[in-house]
Amino acid sequence: MSKEIVNKKTAIKMLSRLGSEFVIVDNPSYINPNYDIFPLSKKLRDPLSKMIASVMDMDGTTTTTEVLCIHSLEFMIRKFSGFLTPQQWRGLDHEKDFPNVIGNSTTKHVEYLIKTYGKIINNDFVIQSFIQAAVWTLLFGKDEGRKREVIDNLSAFNLSSLHNEISLKLKDNLSISLNEFDSIIKKAQRKYSKLIVIRGESDLVRIGIDVYYQRYHEILERIRNGEAKQISNELNLEIGKHLIEPMPAIGVFLALVKGLLGKDASKFVDYLVQIKKKSSSKNIDKSKLENHLALLGEHFQKYPMKVAIVTSSIKYEADIVLSEVFKVLTNEVDNWNISKSKKIKIKNHFTAFDKFYEAIITATDSSEIRLKPHRDLYSLALYRLSIPVKDFNKVIGFEDSESGLIAMRAAGIGNCVAVPFAQTSGHNFQAASIIAKNGVVDILTKS
Ligand SMILES: [Mg+2]
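These remarks concern the structure in this document.

Each value, and the rule that gives it
Each chain carries its own residue numbering, running from 1 in the written order of its sequence. Only residues with pLDDT of 70 or above have their local features reported here, since the model is predicted, and side-chain atom pairs are shown and tallied only from 80 upward, although totals for entire chains, interfaces and linings are computed over all residues. Hydrogens are left out, water is left out, and the side-chain values use all remaining heavy atoms of the structure. A run of DSSP states H or I qualifies as a helix once it reaches four residues; a run of E qualifies as a strand once it reaches two. Both are numbered from the N-terminal end. We take the radius of gyration over the C-alpha atoms and set the globule estimate at 2.2 Å times the residue count to the 0.38 power. Relative accessibility thresholds used throughout: buried, under 20% of the residue-type maximum; exposed, over 50%; partly exposed, between the two (1.4 Å probe, protein chains only). Any carboxyl oxygen of Asp or Glu that lies within 4 Å of a side-chain nitrogen of Lys or Arg is treated as forming a salt bridge with it. Metal donors: N, O and S atoms at distances within 2.8 Å, or within 3.2 Å for Na, K and Ca, with water omitted from the atom set so that some sites may seem incomplete.

### So, the overall build of the chain
In terms of helices and strands, the chain carries 19 helices and eight strands. Against the globule reference of 22 Å for 447 residues, the chain gives a C-alpha radius of gyration of 23 Å, in line with a compact fold. The C-alpha extent of the chain, read off along each of the three principal axes, is 70 × 60 × 40 Å. Taking all 447 residues of the chain together, the buried fraction comes to 54%.

Structural data, given as structure tokens:
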């Protein structure tokens, strides 16, 4: 790799050769410089049949998990303020807050909330919630990276002895009941609270990240243990019967582009039209669409697409979320109007999500400071899919958030589709080349 130090004039000249549109991305407060500038690839709007690969975001694009992420972020502010009920604090604001807490890195989301809700944050509550989150992560957490970060944070706040104490407990006792957990927390809070000094916003962010992840992972772990319905009731979430559901028509899209439907893709006309009709009353020529889908199905049977998931969630989260999504997809196939043998074949493909995708790129593959809107996760996906740079124009990408769309364009993906949904409807989608308000359905039905 050649390296050359050039002057400002040459740098500007070289930068301008990289494109005609650029994005300025703010960095977290601990990074120098405080912003980066990336060139964006040219916007493209090529038909699906020209594509050889699809890269797709997970939360909010493939699935509905944003609801859980938002809940966990709100939970963090509730813990930090002591305002645990909606009567004490109404919670996050859909219009004002949601565009800032979806699609970026967790650090950026937490930073935003701490800046916005700084006035109601009480350091005593912050300290108590930190001890609780740290002890939970060390005792019950399943992600090693997360544990390491908690251990680093404990040491940064001079609490290494709390870490040692918990390590000893883990050595003697493999299973700790919830009652025991409560008493461990209370004891630790009494013993260690006074030792912690919060020196400013960056300390609050560090702790906020631990509290957020603790809540999110606690919920994911319960989902993995089959408690999805119970949690849905507890949290009073109005999101249907499953806590983690695939977005509309994701199953049909994946089966079609992987060449599993063939001509039978035409049998999904009514299903797709129904989804489209929810948002528009435009008359659709069904026989034309039937023909279009049959051709698409046949095309991808001959030339299946490579598919990848690209998410700023860590691997531990993606594993639980995707296995839930594919469980639901497998059940969905039973209701499809296709032959029994085809159903069995598709269900087989849907049983193991990690075999279904050619690449699954998560935050664990990169580092927190290089997540979306930085291009790295998408660049990594293109590399793992073995797509040469000259073919980047044959890749289609789907994202529900502004950061994700920017990351994709920065990685060189010009066919860049925004799939807004309830939670991200306030986002700015100017980076997208297509805005598909009915999600992948709009792309499947577009000739
Ligand atoms: Mg998303």
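### Some details on the pattern of salt bridges
Within this structure, the stated rule accounts for 27 salt bridges. Glu149 is the partner of Arg146 in a salt bridge, and the nearest nitrogen-oxygen pair spans 3.0 Å. You can see Arg146 and its partner Glu149 sitting in helix 6 (residues 144-156), three residues apart, about one turn around the helix. Its relative accessible area of 4% is what places Arg146 among the buried residues. Residue classification places Glu149 among the partly exposed residues on the basis of a relative accessible area of 41%. Close ionic contact of Arg224 with Glu221 constitutes a salt bridge, the shortest N to O distance being 3.3 Å. Here Glu221 and Arg224 lie together in helix 9 (residues 201-224), a separation of three residues that amounts to about one turn. Classification of Glu221 by relative accessible area gives buried; the value is 12%. Look at the salt bridges and you will find they share partners, linking Asp57, Lys372 and Glu399 into a network.

### Considering the coordination of the magnesium ion
At the metal site, the magnesium ion is ligated by Asp57 (OD), Asp59 (O) and Asp400 (OD), and these contacts range over 2.1 to 2.2 Å. For the magnesium ion, all donor residues lie on one chain, and their spacing in sequence is D-x1-D-x340-D. Taking relative accessible area as the criterion, Asp57 reaches 6% and is therefore assigned buried.

### As for unusual backbone geometry
Of note, the amide linkage connecting Asn32 to Pro33 takes the cis form, showing an omega dihedral of 0 degrees. Relative to the elements of secondary structure, Pro33 occurs in the loop between strand 1 (22-26) and strand 2 (35-39). With an omega dihedral of 10 degrees, the bond running from Lys372 to Pro373 counts as a cis peptide bond. Mapped onto the elements, Pro373 comes out in the loop between strand 5 (359-361) and helix 17 (376-384). Phi is positive for Ala249, which is not a glycine, with a value near 65 degrees. Even without being glycine, Ser386 reaches a positive phi, approximately 55 degrees. Assignment of secondary structure puts Ser386 in the loop between helix 17 and strand 6 (395-399). Residue Ser386 is classed as exposed on the basis of its relative accessible area of 54%.

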